[in-house]
Amino acid sequence: MRVAFAADHAGVEFKAALIRRLSDTCGERHELIDLGGDGSDPQDDYPDFARALAEAIRDGRADRGILVCGSGVGASIAANKVRGIRAAICHDTYSAHQGVEHDDMNVLTMGARVIGVEPAVECSLAFLEAVFSGAPRHRRRLDKVLAIEAESMGDR
C-alpha cells in the first residue's frame, strides 16, 4: 500500500518521528511517501498540506494518507473537502481500525499536540492493517455518504 504523509508547521516533527517508526515497523509492507511540510515556513498552513495529501489519494498516487496538524481538526476538515476523501481524527486504535472497516476511511488525521508518537504509531498500524468489510450494512451506509458527497458537489 502507498501511504502519503503530510503535516503543517505544528506537526512536522511529529510526522518525521511517525514516519521513522512506521518505516521500522511496516516499511517493508508499505511505501511511505512524505508530501511535506518541512517546518521551514511558519506560514505552512494545514489546508495546503491536507489538499496535497487528499489530491494524491484522489489522483491514485497514494492509497491512504496520514495527516498531522496541531489538533487534527483543521486537517480533517480540509481533507474532507476533496471528493473521495473520508478523513477522520482518531487518537485511539479502535476508531482508527473501525473507521476503515465500517466507513472506508482513507485518511487518518492526528493532532501532534494531542497524542504522543507511540500511541500514534499504534493508531497508524490499526488504520493501515484494516480493510473495508464490504458488509451490506456498511456498503449501504457508505453509498449514502457518497450520495451526499455527489449531491453537495452538484453531480445529481
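Everything discussed here concerns the structure shown above.
Residues numbered from 1 in each chain as written. Predicted model: local features only at pLDDT ≥ 70, side-chain atom pairs only at ≥ 80, totals over all residues. Heavy atoms only, no water.

Concerning the pairing of strand 5 (residues 107-111)
Which entries qualify depends on this criterion: Only protein chains enter the calculation, and the probe is 1.4 Å; a residue is then buried if its accessible area is under 20% of its type maximum, exposed if over 50%, and partly exposed in between. Every helix listed is a DSSP run of H or I at least four residues long, and every strand listed is a run of E at least two residues long, numbered separately from the N terminus. By the convention used here, strands pair only if DSSP detects at least 2 bridges between them. Handedness rule for crossovers: strands pointing away from the viewer, path from the first strand over the helix to the second running clockwise, crossover right-handed.
Along strand 5, five of the five residues are buried, which leaves the element largely enclosed by surrounding structure. Residues of strand 5 alternate between two faces, with Val107, Thr109 and Gly111 on one and Leu108 and Met110 on the opposite face, all of them buried. Inspection of the sheet shows strand 3 (residues 64-69) paired to strand 5 by five bridges, in the parallel sense. Looking across to strand 5, one finds that Leu67 is bridged to Thr109. Looking at chain direction, strand 4 (residues 87-89) and strand 5 are connected through three bridges and run parallel. Opposite Ala87, over in strand 5, you have Val107 as the bridge partner. This β-α-β element, strand 4 to helix 4 (residues 93-103) to strand 5, shows right-handed connectivity.

Concerning the pattern of salt bridges
The condition that has to hold: Salt bridge, as used here: a side-chain nitrogen of Lys or Arg that lies within 4 Å of a carboxyl oxygen of Asp or Glu.
Within the structure shown, the criterion is met by ten salt bridges. The shortest N-O distance in the salt bridge between Asp34 and Lys15 comes to 2.6 Å. Separated by 19 residues along the polypeptide, Asp34 in strand 2 (residues 31-34) and Lys15 in helix 1 (residues 12-26) bring together distant segments of the chain. Its relative accessible area of 46% is what places Asp34 among the partly exposed residues. A relative accessible area of 3% places Lys15 in the buried class. Through salt bridges with shared partners, one network takes in Glu28, Arg29 and Glu129.

A closer look at a nonpolar patch on the surface
Rules: Each patch is built from residues lacking any salt bridge and having more than 30% relative accessible area; the joining distance is 9 Å for like charges and 5 Å for nonpolar side chains (Val, Leu, Ile, Met, Phe, Trp, Tyr). What sets the accessible areas is the Shrake-Rupley method with a 1.4 Å probe; for residues, cover comes only from the shown protein chains.
A cluster of nonpolar side chains, namely Val73, Ile77 and Ile89, defines an oily patch on the protein surface of about 230 Å² accessible area. Positionally, Val73 belongs in helix 3 (residues 73-79). Relative accessible area serves as the criterion here: at 40%, Val73 is assigned to the partly exposed category.

A word on the sheet that holds strand 2
Counted only if it meets this: Lines are fitted to the C-alpha atoms to define the axes, a helix being fitted only along its stretch in contact, and any angle between axes, read from their N-to-C directions, falls within 0 to 180 degrees.
Here five strands make up an open sheet; going across it, the order is 2-1-3-5-4 and the pairing parallel. Here the strands that pair on one side only, and so sit at the sheet edges, are strand 2 and strand 4. Strand-to-strand twist across the sheet, computed as the mean angle between neighbouring axes with direction ignored, equals 20°.

Structural notes on a positive patch on the surface
Inclusion rule: Residues counted as positive are Lys and Arg, residues counted as negative are Asp and Glu, and His and the chain ends are not counted. By convention, the point assigned to a charge is CZ for Arg, NZ for Lys, CD for Glu and CG for Asp.
A cluster of basic side chains, namely Arg137, Arg140, Arg141 and Lys144, defines a positive patch on the protein surface. Structurally, Arg137 is set in helix 6 (residues 136-152).

A few points about the packing of aromatic side chains
As a reminder, the rule being used: Within 6.5 Å between ring centres, the rings of Phe, Tyr and Trp (the latter by its six-membered ring) count as paired, and their orientation is classed by plane angle as stacked under 30 degrees, edge-to-face over 60, tilted in between. We call a charge positioned over a ring when the NZ of a Lys or the CZ of an Arg lies within 6 Å of the ring centre and within 35 degrees of the ring normal.
Tallied over the full model, the rule gives zero aromatic pairs. The ring of Phe127 is capped by Arg64, whose NZ or CZ atom sits 5.3 Å from the centre of that ring.

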